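Remarks on the overall topology
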Amino acid sequence: MELAPVPVKWAPGRWTSLWPAGDPASRHTLILAHGAGAGASHPLLAGLRDQLVAAGAFCVTFNYPYTEEGRRRPDRTDRLLTCHRAVADWVRSEVSETPVLAGRSMGGRMGTYLAADGDPVRALVLYAYPLHPPRRPDRLRSEHLIRISVPMLFFRGSRDPFATPEVFDREVRPLRLARVEDLDGLDHSFRGRGHRADDVNRRLADMTVSWLETLGPDGFGKSARSGA
């Protein structure tokens, strides 16, 4: 899918690129943020974007500052959030007042911070949420999740070292607004023996859009209110 980049100013003299894709008249507008190790053009993220568009969503990907500048080490959290919020503000002004914040790993985590701080969003979709660093279940990234007041959809691979079962089941699964999709045999990158990347991305996209169909424009529908 050939896309033209759109420059967005996120701080004085600082710009990053975003790529809108799909029909802006869609009922589902997603901002899809990349993970720590790869930018918006990485095949796994771009493939997921393309499948979301094929499933009927309007999808915006973007680069965090360090990726845009060709650096490998992620920026500080405050810098990531400033850029992420600027992209969300652009989407609100140009496409939808209440977009869905989606993201792979670190990008999804940044979206949860924005939602917890009260940014207007319809819902959160979290692909491989990094609940803790590998082999460090004591370093949790979950304290703020209880403050989120919109529905959350978590996709978790059964072999993900960033979300071990006992910690995930204790910290995430009981959240009132959380729905969890368990992906058997997949790791943090949603890779696994016998699972083709295209098939996994298509499955993720179809489940994402199907879930969004159950929500109203404010993020809440019958199933969300009833806890189904």
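Provided above is the structure to which this section pertains.
The structure reproduced in this document is the subject of the present report.

Definitions and limits used
Residues numbered from 1 in each chain as written. Predicted model: local features only at pLDDT ≥ 70, side-chain atom pairs only at ≥ 80, totals over all residues. Heavy atoms only, no water. Phe/Tyr/Trp six-rings, centres within 6.5 Å; stacked < 30°, edge-to-face > 60°. Buried < 20%, exposed > 50% of the residue type's maximum accessible area, 1.4 Å probe, protein only. Helix = DSSP H or I, 4+ residues; strand = E, 2+ residues; numbered from the N terminus. Lys NZ or Arg CZ within 6 Å of the ring centre and 35° of its normal. Core = buried A, V, L, I, M, F, W, Y, C linked by side-chain atoms within 4.5 Å. Contact = heavy atoms within 4.5 Å. Pairing = 2+ DSSP bridges. Axes fitted to C-alpha atoms, helices over the stretch in contact; angles between N-to-C directions.

Once that is clear, we can look at the packing of aromatic side chains. Applying the stated criterion across every chain, the model contains four aromatic pairs. Ring centres 5.0 Å apart and planes at 75 degrees place the aromatic pair phenylalanine 62 and tyrosine 64 in the edge-to-face group. Exposure class is identical for phenylalanine 62 and tyrosine 64. Each is buried. Ring geometry for tyrosine 127 and phenylalanine 155: centres 5.2 Å apart, planes at 10 degrees, overall stacked. You can see tyrosine 127 sitting in strand β6 (residues 123–127) and its partner phenylalanine 155 sitting in strand β7 (residues 152–157), a full 28 residues away along the chain. Residue class for tyrosine 127 comes out buried when judged on its relative accessible area of 0%. The ring centre of phenylalanine 190 lies 5.4 Å from the NZ or CZ of arginine 104, which sits over that ring.

So, on to the nonpolar core. Judged by nonpolar contacts, the single largest core of 42 residues is most densely connected at Phe62, Tyr64, Leu124, Ile148, Phe154 and Val172. Take this core: its biggest share by element is seven residues, from helix α3 (residues 77–94). If near-sequence neighbours (up to four positions away) are discounted, leucine 124 is found in contact with Val100, Leu101, Gly111, Thr112, Ala115, Ile148, Val150, Pro151, Met152, Leu153 and Trp211. By size, the runner-up hydrophobic cluster in this structure holds 29 residues, among which are Ala57, Ala123, Ala128 and Phe155.

Here we take up the sheet that holds strand β3 (residues 29–33). What the eight strands build is an open sheet, ordered β1-β2-β4-β3-β5-β6-β7-β8; its pairing is mixed. At either margin of the open sheet sits one strand with a lone partner, and together these are β1 (6–11) and β8 (178–183). Across the sheet, the mean angle separating the axes of adjacent strands is 25 degrees when strand polarity is ignored. Where β7 meets β8, six bridges bridge the pair, whose relative direction is parallel. Bridge pairing in β8 places phenylalanine 155 opposite glutamate 181.

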